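Observations on the model geometry
These are the residues of each chain, in order.
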Amino acid sequence: MSVTTHDLRSFKQERRRFAMLTAYDHPTAKILDAAGIPVLLVGDSVGNNVLGYDSTLPVTMEEMLHHTKAVVRGARNALVVADMPFGSYQASVDDGVRNAARFLKEAGAGAVKLEGAQLQLTEALTRAGIPVMGHLGLTPQAVHEMGGYRVQGRTAEAARRLQDDALAIEKAGAFATVIEGVPSDVGADISTALSIPTIGIGAGPGTDGQVLVINDLLGLNEGPAPRFAKAYTDLRAEISRAVTAFADEVERGTFPDAEHSYR
Ligand code: KIV
């Protein structure tokens, strides 16, 4: 049985904390799914983590559909949530509904995620039978408006506005929301105020779920990582070790040996 949006609501009622991870390709989706990760997010972070863009803004609908299809084919049990890319829902509610429907119809996703308090669109999608995950706080698609990737909700007034937005998207029909880049007390207060699950990233331990970008968790990215991006392993070093060993063996003529050749 696949995980549903209703299961996530039950997790909240049962005070059961849960993990969400980003996935961008089929083999990774299969591994995460088999490991029991209940929610896979095909984030528009595919832009900076896989496609070589320096932000999420250039990511297109076609790129998101391509990666979502690969992840859906690898997920037997997990709920797959597809991120609506920048420009796919800002112009009009009609545009948003048409594009969101493509993720369910063409790619087989179970839900879509929208950044910011998109109340009218959230209502329209919910009415159309398209489950919506919200995303509030530090919303990377609004990098220019925020003046950079900055922690949000630092003043009492900003924290109150964030909580109002969270309550408004819940009322509009969102089944869960990501809370990104806010002080821990703000993450906890919003989680207490909402009856839908909150999924934090850089929002402290008080949210109902936690999400990380898979490349950060696996230690694949180079350069300074944000404070919340805990690396649980160092795959970058491991990949470098493996490919160097291969190249050395090729150069020394020890690969392929008898075991790896046909008689
Ligand atoms: O695109 C993404 O990976 C995200 C997560 C950081 C929540 O939106």
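Here is a short report on the structure shown in this document. (Residues numbered from 1 in each chain as written. Predicted model: local features only at pLDDT ≥ 70, side-chain atom pairs only at ≥ 80, totals over all residues. Heavy atoms only, no water.)

A short note on the overall build of the protein chain
Per the secondary structure count, the protein chain includes 11 helices and eight strands. In terms of C-alpha radius of gyration, the protein chain reaches 20 Å, essentially the compact-globule figure of 18 Å for 263 residues. Taking the principal axes of the C-alpha coordinates as reference, the protein chain spans close to 70 × 40 × 40 Å. When each of the 263 residues of the protein chain is scored for burial, the buried share is 47%. Sequence-distant contacts in the protein chain: of pairs separated by 6 or more residues, those separated by 24 or more amount to 57%. When the accessible surface of the protein chain is split by element, carbon and sulfur atoms take 52% of a total near 13600 Å². (Helix = DSSP H or I, 4+ residues; strand = E, 2+ residues; numbered from the N terminus. Rg over C-alpha atoms; globule rule 2.2 N^0.38 Å. Buried < 20%, exposed > 50% of the residue type's maximum accessible area, 1.4 Å probe, protein only. Contact = heavy atoms within 4.5 Å. Areas by Shrake-Rupley, 256 points an atom, 1.4 Å probe, with all protein chains shown as cover.)

Topic: the site of the ligand
Taken together, the residues surrounding the ligand are T22, L41, G43, D44, S45, D83, K113, H135, V178, E180, I201 and V213. Between the ligand and the protein, one listed contact pairs an oxygen atom with a side-chain N or O atom of D44 at 3.0 Å. One of the side-chain N or O atoms of K113 is found 2.9 Å from an oxygen atom in the ligand. When the ligand is considered free in solution it has 260 Å² of accessible area, and contact with the protein chains removes 95% of it. The class makeup of the residues in the shell around the ligand is four nonpolar, four polar and four charged. (Near = heavy atom within 4 Å. Polar contact = N/O pair within 3.5 Å; in protein donor to acceptor, adjacent residues only side chain to side chain. Nonpolar A, V, L, I, M, F, W, Y, C, P; charged D, E, K, R; others polar.)

Here we look at the sheet that holds strand β1 (residues 18-22)
What holds strands together in a sheet is hydrogen bonding between their backbones, with the strands either parallel or antiparallel. With parallel pairing, eight strands are arranged side by side around a closed barrel as β1-β2-β3-β4-β5-β6-β7-β8. Neighbour to neighbour, the strand axes of the sheet diverge by 25° on average, direction disregarded. (Pairing = 2+ DSSP bridges. Axes fitted to C-alpha atoms, helices over the stretch in contact; angles between N-to-C directions.)

Considerations on the pattern of salt bridges
Taken as a whole, this structure holds 11 salt bridges when the rule is applied. D208 is paired through a salt bridge with K12; the nearest N and O atoms lie 2.8 Å apart. Separated by 196 residues along the polypeptide, D208 in the loop between β7 (198-201) and β8 (209-212) and K12 in helix α1 (residues 5-13) bring together distant segments of the chain. Summarising the burial analysis for this pair, D208 and K12 share the class buried. With a closest N to O distance of 2.7 Å, R102 and E106 form a salt bridge. A single salt-bridge network, built from bridges that share partners, covers E157, R160, R161 and D164. (Salt bridge = Lys/Arg side-chain N within 4 Å of Asp/Glu carboxyl O.)

What about the pairing of β1?
Counting buried positions along β1 yields four of five residues, so the element is predominantly enclosed. In this structure, β1 lies alongside β8, joined through four bridges in parallel fashion. Paired with L21 across the bridge in β8 is L212. A crossover connection joins β1 to the parallel strand β2 (residues 39-42) through helix α2 (residues 26-34); in handedness this β-α-β unit is right-handed. (Right-handed = clockwise from strand over helix to strand, strands pointing away.)

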